[in-house]
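The lines below spell out each chain.
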Amino acid sequence: MPASYAYLGPEGTFTEVALRTLPEAATRELIPYVSVQSALDAVRAGEAEAAFVPIENSVEGGITTTLDELVAGAPLMIYREVLLSITFALLVRPGTRLSDIKTVSAHPAAQPQVRNWLKNNLPDAHWESAASNADAARLVQEGQYDAAFAGEFAAARYGLQALETGIHDAENAQTRFVLVGRPARPAAPTGADKTSVVLWQRDDHPGGLRDLLGEFATRGVNLMLLQSRPTGAGIGNYCFCIDAEGHISDRRVAETLMGLKRICLEVRFLGSYPRADIGVQDVRSPRQGTSDEEFVAASHWVARCQDGRF
Ligand SMILES: O=C(O)C(=O)Cc1ccccc1
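These lines cover the structure that appears in this document, whether it is placed above or below. (Residues numbered from 1 in each chain as written. Predicted model: local features only at pLDDT ≥ 70, side-chain atom pairs only at ≥ 80, totals over all residues. Heavy atoms only, no water.)

**Looking at empty space enclosed by the protein**
Phase 1: One pass over the structure, following the stated rule, counts 4 cavities of 30 Å³ or more.
Phase 2: Its boundaries defined by the atoms lining it, the largest cavity holds a volume of some 160 Å³.
Phase 3: Every residue lining the largest cavity is counted, 16 residues in all, and those nearest its centre are F14, P54, H107, N133 and T175.
Phase 4: Those elements that provide at least two residues to the lining of the largest cavity are α1 (14–19) and β11 (174–181).
Phase 5: Across the lining of the largest cavity, the residue classes tally to 9 nonpolar, 7 polar and no charged.
Phase 6: Its volume calculated, the second largest cavity comes out at about 60 Å³.
Phase 7: Along its surface, the second largest cavity is lined by I55, L67, L70, I78, R176, S196, V197, L225, C241, I242, D243 and L270.
Phase 8: Those elements that place two or more of their residues in the lining of the second largest cavity are α3 (64–71), β12 (193–201) and β14 (238–245). (1 Å grid on protein atoms, 1.4 Å probe; cavity = no way out; pocket = protein on both sides within 12 Å on 5 of 7 lines; lining within 4 Å. Points joined across faces, edges and corners; volume = space filled by probe spheres on them. Helix = DSSP H or I, 4+ residues; strand = E, 2+ residues; numbered from the N terminus. Nonpolar A, V, L, I, M, F, W, Y, C, P; charged D, E, K, R; others polar.)

**Structural notes on the site of the ligand**
Phase 1: In the vicinity of the ligand, 14 residues are found, and the nearest of them are T13, F14, T15, S132 and N133.
Phase 2: Within the contact set of the ligand, an oxygen atom lies 2.9 Å away from a backbone nitrogen or oxygen of F14.
Phase 3: Contacts to the ligand include T15, whose side-chain N or O atom sits 2.5 Å from an oxygen atom.
Phase 4: Relative to its unbound accessible surface of 310 Å², the ligand loses 100% to contact with the protein.
Phase 5: Its atoms largely coinciding with the cavity grid, the ligand occupies the largest cavity.
Phase 6: Residues that form the shell around the ligand fall into these classes: 7 nonpolar, 7 polar and no charged. (Near = heavy atom within 4 Å. Polar contact = N/O pair within 3.5 Å; in protein donor to acceptor, adjacent residues only side chain to side chain. Areas by Shrake-Rupley, 256 points an atom, 1.4 Å probe, with all protein chains shown as cover. Sits in = over half its atoms within 2 Å of the grid points.)

**Let's talk about the nonpolar core**
Phase 1: Counting 31 residues, the largest nonpolar core has F52, V104 and F149 as the members making the most contacts within it.
Phase 2: In this view, V104 contacts L118, L122, A125, H126, W127, E128, A147 and F149; residues no more than four positions away in its chain are not counted.
Phase 3: Listed in part, the 25 residues of the second largest apolar core include L8, L70, W200 and Y273. (Core = buried A, V, L, I, M, F, W, Y, C linked by side-chain atoms within 4.5 Å. Buried < 20%, exposed > 50% of the residue type's maximum accessible area, 1.4 Å probe, protein only. Contact = heavy atoms within 4.5 Å.)

**Details of a nonpolar patch on the surface**
Phase 1: Together, W301, V302 and F310 make up a nonpolar patch on the protein surface, roughly 380 Å² of accessible area in all.
Phase 2: Here W301 lies in helix α9 (residues 292–306).
Phase 3: Since its relative accessible area comes to 48%, W301 is described here as partly exposed. (Patch = residues over 30% accessible without salt bridge, like charges linked within 9 Å, V, L, I, M, F, W, Y side chains within 5 Å. Salt bridge = Lys/Arg side-chain N within 4 Å of Asp/Glu carboxyl O.)

**Points about unusual backbone geometry**
Phase 1: Omega for the bond connecting G9 with P10 falls within 30 degrees of zero, at 0°, which places this linkage in the cis form.
Phase 2: Relative to the helices and strands, P10 is located in the loop between β1 (4–8) and α1.
Phase 3: Even without being a glycine, N172 presents a positive backbone phi close to 60°.
Phase 4: Take N172: its relative accessible area is 64%, and that puts it in the exposed class.

**Things to note about the sheet that holds strand β8 (residues 126–129)**
Phase 1: Read across the sheet, 5 strands follow the order β8-β7-β9-β6-β10 without closing on themselves; strand pairing throughout is mixed. Whereas interior strands pair on both sides, the edge strands pair on one side only; in this sheet they are β8 and β10 (161–167). Neighbouring strand axes in the sheet, compared pairwise and without regard to direction, differ in orientation by 25° on average.
Phase 2: Packing against the sheet, helix α5 (residues 133–141) makes contact with β6 (88–92), β7 (103–106) and β9 (147–150), and its axis sits at approximately 155° to β9. (Pairing = 2+ DSSP bridges. Axes fitted to C-alpha atoms, helices over the stretch in contact; angles between N-to-C directions.)

**Some thoughts on the packing of helix α7 (residues 208–218) against helix α8 (residues 251–263)**
Phase 1: Taken N-terminus to C-terminus, the directions of α7 and α8 make an angle of 160°; their axes are 8 Å apart at the nearest point. When the interaxial angle is binned, α7 and α8 end up roughly antiparallel. Considering only the axes of α7 and α8, their crossing is right-handed. Between α7 and α8, the residues in contact are D211, L212, E215 and F216 and T256, G259, L260 and I263, respectively.
Phase 2: In terms of residue class, the contact of α7 with α8 is built from 4 nonpolar, 2 polar and 2 charged. (Parallel < 35°, antiparallel > 145°, perpendicular 65-115°, else oblique. Left-handed = near helix turned anticlockwise from the far one by under 90°.)

**Thoughts on the pattern of salt bridges**
Phase 1: Across all of its chains, the model carries 22 salt bridges by this definition.
Phase 2: A salt bridge links E142 to R138, with the nearest nitrogen and oxygen atoms 2.9 Å apart.
Phase 3: In this structure E142 comes out as exposed when scored by relative accessible area, which is 52%.

**Quick look at the layout of surface pockets**
Phase 1: The space that makes up the largest pocket amounts to roughly 390 Å³.
Phase 2: Lining the largest pocket we find 19 residues, and of these E245, R252, V283, R284 and P286 sit closest to its centre.
Phase 3: Of the residues in the lining of the largest pocket, the class split is 7 nonpolar, 5 polar and 7 charged.
Phase 4: Each pocket or cavity is described by its volume, and for the second largest pocket that value is around 210 Å³.
Phase 5: In this structure, the second largest pocket is lined by W200, Q201, R202, D203, D204, T231, G236, N237, Y238, F240 and L265.
Phase 6: When contributions to the lining of the second largest pocket are tallied by element, the ones reaching two or more residues are β12 and β14.
Phase 7: Residues belonging to the lining of the second largest pocket are distributed by class as follows: 4 nonpolar, 4 polar and 3 charged.

Structure follows, in structure tokens:
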């Protein structure tokens, strides 16, 4: 298997900075790709061992291109996640003043994080979306746009200067990134893990979503993300991307997935992996009646009943 990780490039993205915080990145060749799709396709084609891409931010929620790629096409699995606090710098060619700026560019996920700043400081600037924040910086270097919102660290790489730094409409804005590979055995549980799945309902009926959520609720499995995405089959047709606390080797999570498998049209398992937000010491104990020991004891009891040995 090639020892390389694809990532949303070009060089100087927040994605690259987040990727370099993973110890395993130090032993891999890191290859920038122009889009999330092309990075994930490199994994599907076997050109890269894994791809590192943004998936969610605390201001706008899911990064839809990434979710849609994981929902469709050849199955992929999430192995790691990284959280990064994000503030933007306004990068310009040396000598540009604020009053010279007519066009600004960044990744679409950056826009909700700088909207108020733009309204207050550059109300007439025209927004142009770029494939990533670093790509916006590259386009400023080439003269296509006047300014880019990107990490301050991208300035040197693209010969730009930061006219303003620390731009963030929301305090403590964080972006979540994931390392995605081809399906294989998930990493062993750490005690602070997360499981991601995509669910497709079997049919449309009142309380359909409640039925899906009920599978988690009755087994004491807490949800961390619920994002509906259109299936493409017409208005009102959605699948659900869900992150839940716990690992597939936890009995309550495995039993939840079994329950979902029985009632859903399709369940896509996207992986169980260590969560980046808290460590083992901060994980809540399972709700009474939902620990592994209680599940095992209950299934032994049923077996004894089936044998007439209760
Ligand atoms: O990694 C980047 O630089 C990106 O373009 C994706 C992104 C967009 C907005 C916030 C964080 C990451």
